[in-house]
Each structure stands twice: as structure tokens, then as C-alpha cells.
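Breakdown of the fold
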Amino acid sequence: MTAIKHALQRDIFTPNDERLLSIVNVCKAGKKKRNCFLCATVTTERPVQVNVVKVKKSDKGDFYKRQIAWALRDLTGVDAKDAIKENPEFDLHFDKVYKWVASSTAEKNTFISCIWKLNQRYLRKKIDFDNVSSQLLEESVPSGENQSVTGGDEEVVDEYQELNAREEQDIEIMMEGCEYAISNAEAFAEKLSRELQVLDGANIQSIMASEKQVNILMQLLDKALKEVDQIELKLSSYEEMLQSVKEQMDQISESNHLIQLSNTNNSKLLSEIEFLVNHMDLSKGHIKALQDGDLSSSRGIEACTNASEALLQCMNVALRPGHDILQCVKQQQQLFTDLCEQFARRLASHLNNVFVQQGHDQSSTLAQHSVELTLPNHHPFHRDLLRYAKLMEWLKNTDYVKYDGLTKNYMDYLSRLYEREIKDFFEVVRFKMSGITKEGKKFGLHGSSGKLTGSTSSLNKLSVQSSGSRRSQSSSLLDMGNMSASDLDVADRTKFDKIFEQVLSELEPLCLAEQDFIIKFFKLPQHQNLLGTTAVDTVEMDGGVSSRPLTPGGQLSISSEKDMIRQMMTKIFRCIEVELNNIISVGDKMDNFNSLYMLVKMSHHVWTAENADPASFLSTTLGNVLVTVKRSFDKFIGNQIRQMAEVKISKKSKVGILTFVSVFEEFAELAESIFRNAERRGDLDKAYTKLIKAVFINVEKVASESQKTPRDVVMMENFHHIFATLSRLKISCLENEKRDAKQKYGDHLQSYVINSLGQPLEKLNHFFEGVEARVAQGVREDEVSYQLAFNKQELRKVIKEYPGKEVKKGLDNLYKKVDKHLCEEENLLQVVWHSMQDEFIRQYKHFEGLIARCYPGSGVTMEFTIQDILEYFSSIAQSH
């Protein structure tokens, strides 16, 4: 092991300026035995770094190579597995746990002991040594032994110390001066001994020579002490002379202190008096303004505002300790309290009168708006009242009870005023809506009263007309929407849309202006979340109970002030939501398609209100009304779907385009025109999905029930019409349904053509079906002609039954039959006829192929050619 240690020191660690202190031969636990060495090393340069290095033998030769190194400072624990029994296994905890098996327990113990000593010497880091014998650790050894171990450690660590450059240079100079030192060491040592004796003698002589200098120094010190005694005597005499002067100066200093103290007291007294005069003195002009100021003029309001602010400053001044016991301060505070109460009563009374007067003045202007679709403008009223905004803030801070009373009175007067204005406005709205349709009286719209007195007309079930134009079929549109029998045209709907938009456009600025005024006049927080309450105190609000959290001073908290805006707006405009819902009901009864217009308009206004302030009264109210509109729209869609399922068809007439298919087309056209620029169309897309699903289901249902018209014709015509409608309108959410409609149209067209073409050449079809059946059973195609039922004679007999004239006659009859099946509106006759021509030619070619394969060389051919077929189809189509 010693030879390996020296080899590792020479080949690996010396080139890296490291010293190898301990080594252990190990292999990894639980794996194939592959030996390596763990080495404990320190660097020769300072600061010293201690490492644990893994060295293994190279696979290509006998030399060793450095594989991995861990810094000792990264070591967190050492586990020796067993402190009593001999066990060569141990674990080192670095970034992970490394498990090793030493070649012997002695090597393991030596290595662990070396790691412990290196940590104690260089790092002093807390490393957990688990299951390690106490004899290996220096801490458990007695003091004397500890010193010996430490000394041993010093000897091990310092067993080799290189010379520095200075030491090396001195030794070289000394060796050059004594060239014979190498050849004659005794002579060199003797010379060094002589030189040492010379140096010792020089030191002794130097010590003896310094004794004389010491005596001289002592004499000088004695002389200095005498001089010090003389100086002390002089200082004592001076001190006696100054004692009397000191007494006089003390008396003067005491007199100056008393004078300074008096000046300080006078200055403080003057400062206190100036503070009280400057902060608690209210001018006579302010007092007069508070007592008798004119609250109706702008100048008087400004004077009262300035006086109230000055009074508030005087009342809120922070008095210094002791001020409150002064009689003058008590008198001023009582004066301020009296003035505050007097002015608060006068201000509250005046503002109440202003509210009443403004309400009467505003009511007098209602007559001019009685025939116009506009709401009165409250801007002048707001402008006049905003002059009192600062006084309201003063009242809120000084007397919240009167402020709260003014708030209630304002809500009482304004709620009654707005209720009259809004009801009159909606009377005009209903009156104008009553002129949209001649059947307005059926909805209870009598003159300007505008009240709903009639009942909703009963539901009319759909019926499929045997014939007639698309116009007559679409006339049943209103029946599906649960409305009257009168057909309201697009112009009427557009007029209703304009009226509804004007209603919302009038209400929106009215609510926003009033909310803005309330915030400014009553000094309430703006925007953000108007909802939310905290711990509450009960306050009465107009006969109801309002829960409002109060601050210790009796005022509302911030969250409750935000809630107060919502409460005030709700009370003032309590009739808006009811009136809007009534208008929605009127619009639905007039024409259920109006729900589409209302849905778009309401969604737009809700979107605009939410962007401005999502928690405002306007946003909340319009959101509630939008829910009502959505319910109306959903009810409209549900009625259409329900009545699709209730459709009944005539047994004596052909079906044609089903009425609910035409209704869906008109609904989609109208909806797309209405929702063209809408911000939200999610509700429409959902309605499209529900309607088209119901249309598909009920088309198949009617087709299955049809007796007069073949099922394929009903499916083909209606799905063609649906596909054409969806292709023209390009509704993105119905792309899959458009493809399905096209697929169903094509499938049923092909099915109808194939089934119809089986009749003109019926015997020929049966004959070749028999031929194909024989081939399918395993009979070779060239042997089919030997079958008795399918020989050449039978083939010729069947072919002779279908000369060109008979074929043309059969096709002519087929054309007439197809014409009876198809409706004129969809104009699919030529398409079907062309498809039949293609299918007939395909069958002809198929028959010719069977003849060529099954009857080769027989010379049997059909009585007509493909050119004849084309001529037959063309002449038949032209003749009809």
C-alpha cells in the first residue's frame, strides 16, 4: 500500500500541487467488484483546500488516473455501519450517498480518522460521524493523548515542506561562501560555531556599554522631578488668587440663567397665545356668513363655503396639552358648536326647499316631452345643485344625521319625479309601437294609454300545403312564433328596432348623468366595485332597513358608501327595469322576431356599460333586462322546435319544400342581417344549432310519413334547399351541418335515380341480375350462355322486348312521373333528369359489358345505342 501511495503522490497529486495524506482500497457495494482508491488530499498552497479523490486504474495500461473529486466541505455525513463489530462497509454523504466496501476494516478506520482530523484542522464543519468508534475520534481521547494525536497529525500533515525562494537563495549564498562544506562537513560546522561565538560576544559588549547611558538618563529624570515640584507651587498660588473671581462669576452666571428662563417662558407664552389666536379665531365676516349668508346666490354660496371651511378648521384644530382647560378655549369651542349646528339646520332646510322647487320646475317641462320620444334633461338641475357640493361635504363631516336626512329627501323627491317622467316616456313608446301594426288593438295598445289589456292569441299549428308558392308557405311564419295571424314585414320590424334603440339611448345617458351627479354632490367614491359590505349598523332608508357599516365617528365606511350609490340609484330608478320588461313583452306579442332585435341591442348596451363600469347600476339593470330578453328569445326558439315536431302533412298532395324549412331560411336571413355587426352572437349560434338539428330530424320524420311523395324526393328537395340556404348565408357555426345537408341531398338523389330507373327496362334488369347471380355462384362468365334460362335465345328474346321506341316511351312515362313527384320551387327536375341519363348510360354500358363477357362472339347487341339514349333524354326534356 505504501508503494501505491508514493506512486499516486508522484504521478497524480504532485503535478496538481496536492499532498496525499490517507488512502483506502474500496469497491462499490452491491455491484461487480471493481477496485479503486479513495484518497484524502490537501493543497500545498494557501488557503488549503481538502478533497476526497477517487482514483482508478486505467483499462489501457498499468497507470492510475483521477476519476472524480469531492470537496470535504460538501461532506455532510459518514456512516461506518457498525462501531463495535468489524465491518468494511461505509457510506459518504455528498450530493448523494456513496456506498463503499473497503479491502479491510483497518484501512477504513484509518481513512475515517484522517477525514475527522482534516475537518477539525481546516474546516471545523459539523459532519455527522455515525456508527464510528469513539477511539477513532479525537474528542473522546483524554487531554494528554489528544495532544499527542494532534502532534501526530501535525507530523503527518507537515511531513514535507518545500523551501520558499528566499530561503533557497540564502542557502545558496551560504554554500558559495563555504565551498568545502560539502566535502568537509566538520570544518563547515566548526566555522559556523566560531561565528556564533563572535556574535554572542558582540551582544554582551553591547549590553555592558548601555549601562553608562542608563545612568545619564536617571540623572535627567531627577532634575525633571525638581522642576515639576516648582511648577506645582506656582499653580497652587494661582488657584488661591482665582478662587474669589470664581465666586463672582458663579453669581453672574446664576443671574443670567434666571433672565434666560424668564425670556424662554415669555416666548412660549407668546407662542401659545399666537397659536390660539391664529387657529381658533373666526373672523366676523365668516360668522356673519354662517348666520345670515344668502344660500341662493352664487356669491353668497361661495362666502358660506369659505366660512364653513374656516369653521371646520377651527373645530378640528389639534389643541396642545392644557388648552382644553382654558376658559377662553371653552368659550370659543362652544361658539363654534353653536355656529355649526345653526348653519347645518339652515343649510339642510334650504337644500330641502331647493329639492322641492326643482322637482316642481322639472315637472312643468314634462308636457313638451309628452309626444316626443325623449326624456327631460336634468343637467340644469344638476348644475345648480353642484354649487352646494362643498357645503354637502362639510355637512357630511360635521353633522352626518342631517346629511343622511338630505340624502333620503333627495331620493324621495327624485324617485317620484323620475317615475313620472319614465312612465310618461314609456307611454309614448307604447303609443308609437301601437302604430307599427294594424292589429295593435289585439295587444291592448289603445291610443296613448299604452296598457296591455288584450290576451295573447292562441297557437296555430303548422300545416304543409300540397301546392303553392314560397310566399304562401312563408305566410305561416307567424303561426310558428306564437303570435297573431298578421304578417309583420321587415319595415315594421326595423321601425320597432329603431324605437327600442332610442329607448335605450335615452335611458343610458340619463342614468349615467344621475349617477355622476350623486357621486359629485354627495361626495361618494367613484366606480370600482359598488357592492360589498362589512360589519353593519342598522339605518332606516325610506321605510325599509338598510344595513350600513359605520365608522367610530358615525359615518359610513368606504365599502358602505359604494353600496350607498347602488341603493340610491336603485330607489331613484326603481321603475326602469319594470318598464323595460313591459316593452319586451309588448315586442314579443307584436312579433316574436323582435326578440332578435332586442337581443342585439341589449347585448350591445350591456357590453358598453360593462366596459365603462361593470358594477354600476346601469350595467346591473341592463344585465337583468338582457336575461329577460334571452329568456324570450329562448322561448321563441323552443316554440319553433316544438311546432316542428307537431307538423302534419297532407295525404293527397305532394310535399315539396316543408314549411319549417322555409321558416328556418327566413329566420337565418333575418338573423344574419340583424347580427351582422353584433359584438356577441353566442346565443344566436346556439339557437342555430338547436333549430338545424330539429329541422334535420323533422325532415326525416315527414319523409318517412309521406304517402304521396317518395321519401327520397322529400329528403332530396329539402336537404338541397337547406344546403343552398347555408351556402348562401355562410354561417360559420353550421359548416358541419352544411356538409351533412349536401351529403344527404346527394345520397337521396342517387337513391331516387336508381330506384326510378329500375322500371323502364324491368325485364332486362331482372335477366342480367340473374346472370350476375350465376357468376356470383361460381359459374364462369363464358359458360353462362349454356345455362337454360340464360342462353342466347333468351337474351335475344328479352332484348327484342325493348326496342328504341319502347325505351323512349318508358323514359317519357318516367319523366312524367318524376315531374309529378318534384315541386316547382326547388327546380330540380332537370338535375334529376340529367342524373337519370348518366345512370341509364352507366347501366347500358354495364349490360353491354356483361354481353361481351358472358356471350362472346354471339353478335347479340342492344336495340338502341348510347347516341339514341342521349337523343331520347334530350327530346323528352324539350317536349315537356
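Owing to the predicted nature of the structure, the values given are computational and were not obtained by experimental measurement. (Residues numbered from 1 in each chain as written. Predicted model: local features only at pLDDT ≥ 70, side-chain atom pairs only at ≥ 80, totals over all residues. Heavy atoms only, no water.)

Regarding the overall build of the chain
Helix and strand counts for the chain stand at 27 helices and ten strands. Put simply, the chain has 880 residues, and 42% of those count as buried. (Helix = DSSP H or I, 4+ residues; strand = E, 2+ residues; numbered from the N terminus. Buried < 20%, exposed > 50% of the residue type's maximum accessible area, 1.4 Å probe, protein only.)

Section: helix α19 (residues 659-674)
Along its 16 residues, α19 runs 22 Å from first to last C-alpha, staying within 8% of the 22 Å computed at 1.5 Å per residue. Extensive coverage of α19 is indicated by the burial of 13 of its 16 residues. (Expected span 1.5 Å × (residues − 1).)

Some details on the sheet that holds strand β7 (residues 97-102)
Strands belonging to one sheet form pairs held by backbone hydrogen bonds; the direction of such a pair is parallel or antiparallel. Reading across from one edge, β4-β3-β2-β1-β7-β6-β5-β8 is the order of the eight strands in this open sheet, with mixed pairing throughout. Whereas interior strands pair on both sides, the edge strands pair on one side only; in this sheet they are β4 (64-71) and β8 (128-130). On average, each strand axis in the sheet is inclined to that of its neighbour by 30°, with strand direction left out of account. As judged from the three bridges shared by strand β5 (residues 77-79) and β8, these two strands associate in the parallel manner. Across the sheet, the residue bridging to valine 78 is phenylalanine 129, located in β8. Docked against the sheet, helix α1 (residues 2-13) engages β1 (18-28), β2 (36-43), β3 (50-57) and β4, running at close to 115° with respect to β1. (Pairing = 2+ DSSP bridges. Axes fitted to C-alpha atoms, helices over the stretch in contact; angles between N-to-C directions. Contact = heavy atoms within 4.5 Å.)

Digging into the pattern of salt bridges
Enumeration according to the criterion identifies 32 salt bridges in this entry. The salt bridge partner of aspartate 404 is lysine 408, with a shortest N-O separation of 3.7 Å. Note that aspartate 404 and lysine 408 are positioned in helix α11 (residues 400-434) at a spacing of four residues, about one turn of the helix. A salt bridge links aspartate 412 to lysine 571; its shortest N-O distance comes to 3.9 Å. Highlighted residues: aspartate 412 in helix α11 and lysine 571 in helix α15 (residues 558-572), separated in sequence by 159 residues. Its relative accessible area of 15% is what places lysine 571 among the buried residues. (Salt bridge = Lys/Arg side-chain N within 4 Å of Asp/Glu carboxyl O.)

As for the environment of phenylalanine 696
The residue phenylalanine 696 is located in helix α20 (residues 682-705) in this model. Phenylalanine 696 sits in the buried class, given a relative accessible area of 10%. Separated by 35 residues in the primary sequence, phenylalanine 696 and valine 661 have C-alpha atoms spaced 9.3 Å apart. Apart from the residues within four sequence positions on either side, phenylalanine 696 is in contact with Phe719, Ile722, Glu737, Asp740, Ala741 and Lys744.

Focus: the nonpolar core
One broad trend across soluble globular proteins is that nonpolar side chains are buried collectively. Within the largest apolar cluster, 177 residues are counted, with the highest numbers of intra-cluster contacts made by Tyr410, Phe573, Phe667, Val832 and Met836. No other element matches α11, which puts 14 residues into this core. In this view, phenylalanine 667 contacts Phe593, Leu596, Phe633, Phe636, Ile637, Gln640, Leu684, Tyr688 and Leu691; residues no more than four positions away in its chain are not counted. If you look at the next biggest cluster of nonpolar residues, it comprises 30 residues, including Ala80, Leu92, Tyr98 and Cys114. (Core = buried A, V, L, I, M, F, W, Y, C linked by side-chain atoms within 4.5 Å.)

What about the pairing of β7?
Successive residues of a regular strand alternate their side chains across the two faces of the sheet. Pairing geometry for β1 and β7, over three bridges, is antiparallel. Looking at the pairing, cysteine 27 lines up with valine 101 of β7. Inspection of the sheet shows strand β6 (residues 89-93) paired to β7 by five bridges, in the antiparallel sense. Within β7, the position partnered with histidine 93 by the bridge is valine 97. Adjacent in sequence and paired antiparallel, β6 and β7 are bridged by three residues.

A short note on a nonpolar patch on the surface
A cluster of nonpolar side chains, Val214, Ile216, Leu217, Met218, Leu220 and Leu221, forms an exposed patch at the surface whose accessible area comes to about 560 Å². Assignment of secondary structure puts leucine 217 in helix α5 (residues 185-279). (Patch = residues over 30% accessible without salt bridge, like charges linked within 9 Å, V, L, I, M, F, W, Y side chains within 5 Å. Areas by Shrake-Rupley, 256 points an atom, 1.4 Å probe, with all protein chains shown as cover.)

Remarks on the side chain of serine 22
Here serine 22 lies in strand β1. Those residues in contact with serine 22 that sit more than four places away from it in its chain are Leu38, Cys39, Ala40, Thr110, Phe111 and Cys114.

Topic: the packing of aromatic side chains
This model, assessed by the stated rule, comprises 33 aromatic pairs. Each residue in the set Phe355, Tyr400, Tyr403, Tyr410, Phe517, Phe521 and Phe522 is aromatic and connected to the rest through ring pairs, giving one cluster. Over the aromatic face of phenylalanine 593 sits the side chain of arginine 493, whose NZ or CZ is 4.6 Å from the ring centroid. (Phe/Tyr/Trp six-rings, centres within 6.5 Å; stacked < 30°, edge-to-face > 60°. Lys NZ or Arg CZ within 6 Å of the ring centre and 35° of its normal.)

Describing the confidence of the model for the chain
Averaged over all residues, the pLDDT of the chain is 78; the fraction at 70 or higher stands at 83%. Low pLDDT, under 50, characterises residues 139-160; the stretch is placed with 20 contacts to residues that sit more than four places away or in other chains. Every residue in residues 438-488 scores below 50 in pLDDT, and together they form 112 contacts with partners more than four places removed in sequence or on other chains. (pLDDT = per-residue confidence, 0-100.)

Overview of the pairing of β2
β2 sits mainly inside the fold: eight of its eight residues count as buried. Sheet analysis places β2 next to β3, joined by six bridges and oriented antiparallel. Bridge pairing in β3 places valine 42 opposite valine 50. Hairpin connection, β2 to β3: the antiparallel pair is bridged by six residues.

A short note on the environment of leucine 749
For leucine 749, the position within the fold is in helix α22 (residues 735-757). Given a relative accessible area of 10%, leucine 749 falls into the buried group.

As for unusual backbone geometry
Cis geometry marks the peptide bond from arginine 46 to proline 47, where omega comes out at 5°. Within the element layout of this structure, proline 47 appears in the loop between β2 and β3. Phi at lysine 81 is positive, roughly 75°, even though this residue is not glycine. Mapped onto the secondary structure, lysine 81 falls in the loop between β5 and β6. Overall, lysine 81 belongs to the partly exposed group, its relative accessible area being 30%.

A word on the environment of proline 614
Relative to the elements of secondary structure, proline 614 occurs in the loop between α17 (594-612) and α18 (617-645). Overall, proline 614 belongs to the exposed group, its relative accessible area being 58%. Leave out the neighbours within four places in its chain, and proline 614 touches Ala609 and Ser619.

As for the packing of helix α10 (residues 389-398) against α11
It is at 6 Å that the axes of α10 and α11 come closest, and there the two elements cross at 130°. Relative to α11, the element α10 lies oblique. Where α10 approaches α11, its residues Met392, Leu395, Lys396 and Thr398 are matched on the opposing element by Tyr400, Lys402, Tyr403 and Leu406. A per-class count over the contact of α10 with α11 returns five nonpolar, one polar and two charged. (Parallel < 35°, antiparallel > 145°, perpendicular 65-115°, else oblique. Nonpolar A, V, L, I, M, F, W, Y, C, P; charged D, E, K, R; others polar.)

What to know about the packing of α20 against α22
A packed helix pair is summarised by two numbers, namely the angle formed by the two axes and the spacing between the axes. For the pair α20 and α22, the least separation of the axes is 11 Å and the interaxial angle reads 15°. The orientation of α20 with respect to α22, classified from their angle, is roughly parallel. With respect to the hand of their crossing, α20 and α22 are arranged in left-handed fashion. The segment α20 lies against α22, with Ile692, Phe696 and Glu700 engaging Glu737, Asp740, Ala741 and Lys744. Partitioned by chemical class, the residues of the contact of α20 with α22 number three nonpolar, no polar and four charged. (Left-handed = near helix turned anticlockwise from the far one by under 90°.)

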